[in-house]
Amino acid sequence: MNDKYEITDIAHAEFPFLHRIRALRDIEPDVCAGELGGFVESEDNLSFAVGDNAWIFGDAIAAGEACVDKGAQLRERAIACHWAYVSQGAVLSGDAMAGDYAYIRGAMLTGHARAAGNSVIRNGKTGAPVLAGSCTVYGKVAGNVRLLGKTVVLGGEEIDHDHPDTLILDGPNRAVLCDPKRDRLTPRQEAPEKPKAKRREAVR
């Protein structure tokens, strides 16, 4: 039973099959009971699972078979459509769009950034991708990466940068933003002990 939000009769001006949502209760940390949200096509578009604070704000849209869950957010005029999956704290804002079979986990898309095809954009141990400008991803982007300008990642291409230093891609240009903490010298530390290799018996 959905006690998180209701789908109102307020139809989208351009796409009348979409309707605004209204919160039925407070949703931590930003949504109060009675507050209007963005537009959905059905309850399948936005999770109402217990403890899930995923939300659609402003004039953002989730349509088709797209799903927003696990704390993810759509803001401003962002769109998730077709079979896109936006999850685990990911945020789409501005005019960002996730379509086709895009899978977005923990990343941030803003500006006119677009995820399409079978793209996978996911966080790593050291950070999460940030897409801005008019960049487009059809392939895989993971870890501490920023895509700017008109950067394009084609299907089959993979950018996996799970490192404290941020990799910046701006069109054909590449740069690295180093974490200042890594430039600090610290006293020598004992290296972790390596496991001893097992002796192999000679085969006669």
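Residues numbered from 1 in each chain as written. Predicted model: local features only at pLDDT ≥ 70, side-chain atom pairs only at ≥ 80, totals over all residues. Heavy atoms only, no water.

Draft legend 1. Examining the pairing of strand 23 (residues 173-177) more closely. In this sheet, strand 23 lies alongside strand 22 (residues 166-170) in antiparallel orientation, the contact comprising five bridges. Bridge pairing in strand 23 places Leu-167 opposite Val-176. In this structure, the hairpin formed by strand 22 and strand 23 is closed by a connection of two residues, where Gly-171 is found at a positive phi of approximately 60°. (Pairing = 2+ DSSP bridges. Helix = DSSP H or I, 4+ residues; strand = E, 2+ residues; numbered from the N terminus.)

Draft legend 2. A look at the sheet that holds strand 5 (residues 61-62). Read from one edge to the other, the open sheet built from nine strands follows the order 1-2-3-5-8-11-14-17-20, with strand pairing classed as mixed. Each of the sheet's edge strands pairs with one partner strand only, and the pair in question is strand 1 (5-11) and strand 20 (152-153). The pairing of strand 17 (residues 136-137) with strand 20 spans two bridges and is parallel. Paired with Val-137 across the bridge in strand 20 is Val-153.

Draft legend 3. View of the packing of aromatic side chains. A full pass over the atoms with the stated rule returns five aromatic pairs. On the numbers, 6.4 Å between centres and 70° between planes, the contact of Tyr-5 with Phe-48 is edge-to-face. On the criterion of sequence distance, the pair formed by Tyr-5 in strand 1 and Phe-48 in the loop between strand 3 (36-40) and strand 4 (55-56) is long-range, its members being 43 residues apart. Taking the relative accessible area as the measure of exposure, Tyr-5 reaches 1% and is therefore buried. (Phe/Tyr/Trp six-rings, centres within 6.5 Å; stacked < 30°, edge-to-face > 60°. Buried < 20%, exposed > 50% of the residue type's maximum accessible area, 1.4 Å probe, protein only.)

Draft legend 4. Representation of the side chain of Ser-87 in the model. Among the structural elements, Ser-87 can be located in strand 9 (residues 85-87). Side-chain polar atoms of Ser-87 contact the side chain of Asp-69, separated by 2.7 Å. Contacts of Ser-87, omitting those with residues within four sequence positions, involve Asp-69, Lys-70, Ala-72, Ile-104, Arg-105 and Gly-106. (Polar contact = N/O pair within 3.5 Å; in protein donor to acceptor, adjacent residues only side chain to side chain. Contact = heavy atoms within 4.5 Å.)

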